[in-house]
Amino acid sequence: QNPDDDDAKKYCDGIAVDIKRELFRKAQKLQAEEKISEAEEIYASISLEPPITDDIRVGIASNWGACLMGLGRKYEALQSFNIAIELKPDCLPAHFNRGLLFKSDNQFSEACIEFEEALKLKPTLAAALTGLLECFAQLHRSQDLLDLSTKILDENTLVDDFRPLFYRALAHYRMGAYLLG
């Protein structure tokens, strides 16, 4: 067939998408098995350029970022999460992982923004709730810390987790100390 033929092009594009999808699945499996370096190599080999479906493109960007973060390659991880969010603004894993990345670099204000975005998408995400509590504590945002920890305790969102109690007590202490001091 003529490679410029529309049907031939669609056929070739379909094969290219199938190959990328299969590589994506293989990398996901390796990532689940905590073979992060191997998974990262596969993610890095998959082009995000067309032909590719949007869901695979977002998944690759987000998962690749998680691998890069696990390998300590923070700047590259951030770039990967940014791509995922650019492609899909409501990408929960990318927002959450950006929050973890910012928190690990003591960029607590930025981390708060990302954890709050993640919580807009999934209000009961335990790791985002605790990440946000930790950031509020680091930033001495005592009223926010008190409000969030009280909400978590009232709604019983984090069952068997002592941190909301601790952070509520810390907020009360700080607010009392500021009132007295």
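Draft legend 1. Layout of the overall build of the protein. The number of helices and strands found in the protein is nine helices and zero strands. Along the chain direction, N to C, the helices and strands of the protein fall in the order α-α-α-α-α-α-α-α-α. Taking 2.2 N^0.38 as the reference for a compact globule, 181 residues should give roughly 16 Å; the C-alpha atoms of the protein span a radius of gyration of 21 Å, well beyond that estimate. Per-residue burial for the protein yields a buried fraction of 39% across its 181 residues.

Draft legend 2. Broad picture of the packing of helix α6 (residues 108-121) against helix α7 (residues 126-138). Close contact between α6 and α7 brings their axes to 9 Å; oriented N to C, the two are set at 150°. Taken together, α6 and α7 sit at an angle that is classed as roughly antiparallel. As α6 packs across α7, the resulting crossing turns out to be left-handed. Mapping the contact onto sequence places Phe-108, Ala-111, Cys-112, Phe-115, Glu-116, Ala-118 and Leu-119 in α6 and Ala-128, Leu-129, Gly-131, Leu-132, Cys-135, Phe-136 and Gln-138 in α7. Partitioned by chemical class, the residues of the contact of α6 with α7 number eleven nonpolar, two polar and one charged.

Draft legend 3. Spatial organisation of the packing of aromatic side chains. The final tally for this structure, using the stated rule, is three aromatic pairs. With a centroid separation of 5.9 Å and 50° between ring planes, the pair formed by Phe-96 and Phe-115 is classed as tilted. Of this pair, Phe-96 sits in helix α5 (residues 92-104) while Phe-115 sits in helix α6, placing them 19 residues apart in sequence. For Phe-115, a relative accessible area of 0% gives the class buried. Ring geometry for Phe-166 versus Tyr-167: centroids 5.1 Å apart, planes at 70°, classification edge-to-face. On the basis of relative accessible area, Phe-166 is assigned to the partly exposed category, the value being 46%.

Draft legend 4. Spotlight on the environment of Leu-145. Within the fold, Leu-145 resides in helix α8 (residues 142-155). For Leu-145, a relative accessible area of 0% gives the class buried. Residues Leu-145 and Pro-164 lie 19 residues apart in sequence; the distance between their C-alpha atoms is 9.0 Å. Contacts of Leu-145, omitting those with residues within four sequence positions, involve Leu-133, Phe-136, Ala-137, Tyr-167, Leu-170 and Ala-171.

Draft legend 5. Structural detail: the side chain of Ser-149. Counting through the fold element by element, Ser-149 comes out in helix α8. Relative accessible area serves as the criterion here: at 0%, Ser-149 is assigned to the buried category. Discounting chain neighbours no more than four positions away, the residues touching Ser-149 are Leu-133, Pro-164, Tyr-167 and Arg-168.

Draft legend 6. Quick look at the nonpolar core. The biggest cluster of nonpolar side chains holds 35 residues, and the ones touching the most others in it are Phe-115, Ala-128, Leu-132, Leu-145 and Leu-148. Going through the elements one at a time, α3 (54-70), α4 (74-87), α5, α6, α7, α8 and α9 (163-180) are the ones with two or more residues in this core. Here this core takes seven residues from α7, the largest share from any one element. If near-sequence neighbours (up to four positions away) are discounted, Leu-148 is found in contact with Leu-129, Leu-132, Leu-133 and Phe-136.

Rules and cut-offs
Residues numbered from 1 in each chain as written. Predicted model: local features only at pLDDT ≥ 70, side-chain atom pairs only at ≥ 80, totals over all residues. Heavy atoms only, no water. Helix = DSSP H or I, 4+ residues; strand = E, 2+ residues; numbered from the N terminus. Rg over C-alpha atoms; globule rule 2.2 N^0.38 Å. Buried < 20%, exposed > 50% of the residue type's maximum accessible area, 1.4 Å probe, protein only. Axes fitted to C-alpha atoms, helices over the stretch in contact; angles between N-to-C directions. Parallel < 35°, antiparallel > 145°, perpendicular 65-115°, else oblique. Left-handed = near helix turned anticlockwise from the far one by under 90°. Contact = heavy atoms within 4.5 Å. Nonpolar A, V, L, I, M, F, W, Y, C, P; charged D, E, K, R; others polar. Phe/Tyr/Trp six-rings, centres within 6.5 Å; stacked < 30°, edge-to-face > 60°. Core = buried A, V, L, I, M, F, W, Y, C linked by side-chain atoms within 4.5 Å.

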